[in-house]
Amino acid sequence: MLVLITYDVSTVSSQGQRRLRQVSKVCQNYGQRVQNTVFECVVDATQFAVLKLKLLDLIDQEQDSLRFYQLGNNYKNKVEHIGVKESLDLEGPLIL
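The model shown is predicted, which means the values in this text are computed figures rather than measured ones.

S.K.: Tell me about the overall build of the protein, and name the residues and values.
M.R.: A tally of helices and strands in the protein yields two helices and four strands. Counting from the amino terminus, the protein carries its helices and strands in the arrangement β-α-β-β-α-β. Counting contacts in the protein only where the partners sit at least 6 residues apart, residues at least 24 apart contribute 64% of the total.

S.K.: Please give an account of the UniProt feature "binding site: Mg(2+)" (unreviewed entry) in the protein that cites residues and values.
M.R.: Mapped onto this structure's residue numbering, the UniProt feature "binding site: Mg(2+)" (unreviewed entry) falls at Asp 8. The residues touching Asp 8, leaving out its near neighbours within four places in the chain, are Asp 64 and Ser 65.

S.K.: I'd like a rundown of the packing of aromatic side chains, residues and numbers included.
M.R.: Enumeration over the complete set of coordinates arrives at two aromatic pairs. Measuring from ring centre to ring centre gives 6.3 Å for Tyr 7 and Phe 39, while their planes differ by 20°; the resulting arrangement is stacked. Of this pair, Tyr 7 sits in strand S1 (residues 2-8) while Phe 39 sits in strand S3 (residues 38-42), placing them 32 residues apart in sequence. You'll find Tyr 7 and Phe 39 in the same group, each marked buried. Pairing Phe 48 with Phe 68 gives two aromatic rings, centres 5.7 Å apart and planes at 80°, and the pair type is edge-to-face. One end of the pair, Phe 48, is in helix H2 (residues 45-58); the other, Phe 68, is in strand S4 (residues 65-72), and 20 residues separate them in sequence. Lys 52 extends its terminal NZ or CZ atom over the ring of Phe 68, reaching a point 5.5 Å from the ring centre.

S.K.: So what's going on with the sheet that holds S3? Residues and values would help.
M.R.: Consider a sheet: its strands pair through backbone hydrogen bonds, and that pairing is either parallel or antiparallel. Ordered in space as S2-S3-S1-S4, the four strands form an open sheet in which the pairing is antiparallel. Strands with a single pairing partner mark the edges of an open sheet, and in this sheet they are strand S2 (31-35) and S4. This sheet shows a mean twist of 25° between the axes of neighbouring strands, independent of strand direction. As defined by bridge partners, S1 adjoins S4 across seven bridges and the pair is classed as antiparallel. Counted as the bridge partner of Ile 5 is Phe 68 from S4.

Cut-offs used in this document
Residues numbered from 1 in each chain as written. Predicted model: local features only at pLDDT ≥ 70, side-chain atom pairs only at ≥ 80, totals over all residues. Heavy atoms only, no water. Helix = DSSP H or I, 4+ residues; strand = E, 2+ residues; numbered from the N terminus. Contact = heavy atoms within 4.5 Å. UniProt positions renumbered as here; feature names shortened; annotations may be inferred. Phe/Tyr/Trp six-rings, centres within 6.5 Å; stacked < 30°, edge-to-face > 60°. Buried < 20%, exposed > 50% of the residue type's maximum accessible area, 1.4 Å probe, protein only. Lys NZ or Arg CZ within 6 Å of the ring centre and 35° of its normal. Pairing = 2+ DSSP bridges. Axes fitted to C-alpha atoms, helices over the stretch in contact; angles between N-to-C directions.

Right, dumping it as structure tokens:
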């Protein structure tokens, strides 16, 4: 299923800047960045649960926020891209 993850991490302190880098790194392990703080991740239910727990452990819920949009398995007709920075087909073949 495709999950869209957005986050807003307070960076007024050095701890916040560290949290921002950690959240980004975890999201990069599961998907691709499509905007500065927006990731598309193609995961199964177990991977999504693990990803969500990792992110919840990182953020400060008093200062930061996470949003998860579960677009499901038939997401290709639900996502429209216009403009530069074309996204990759995460389920397509990887040619090196």
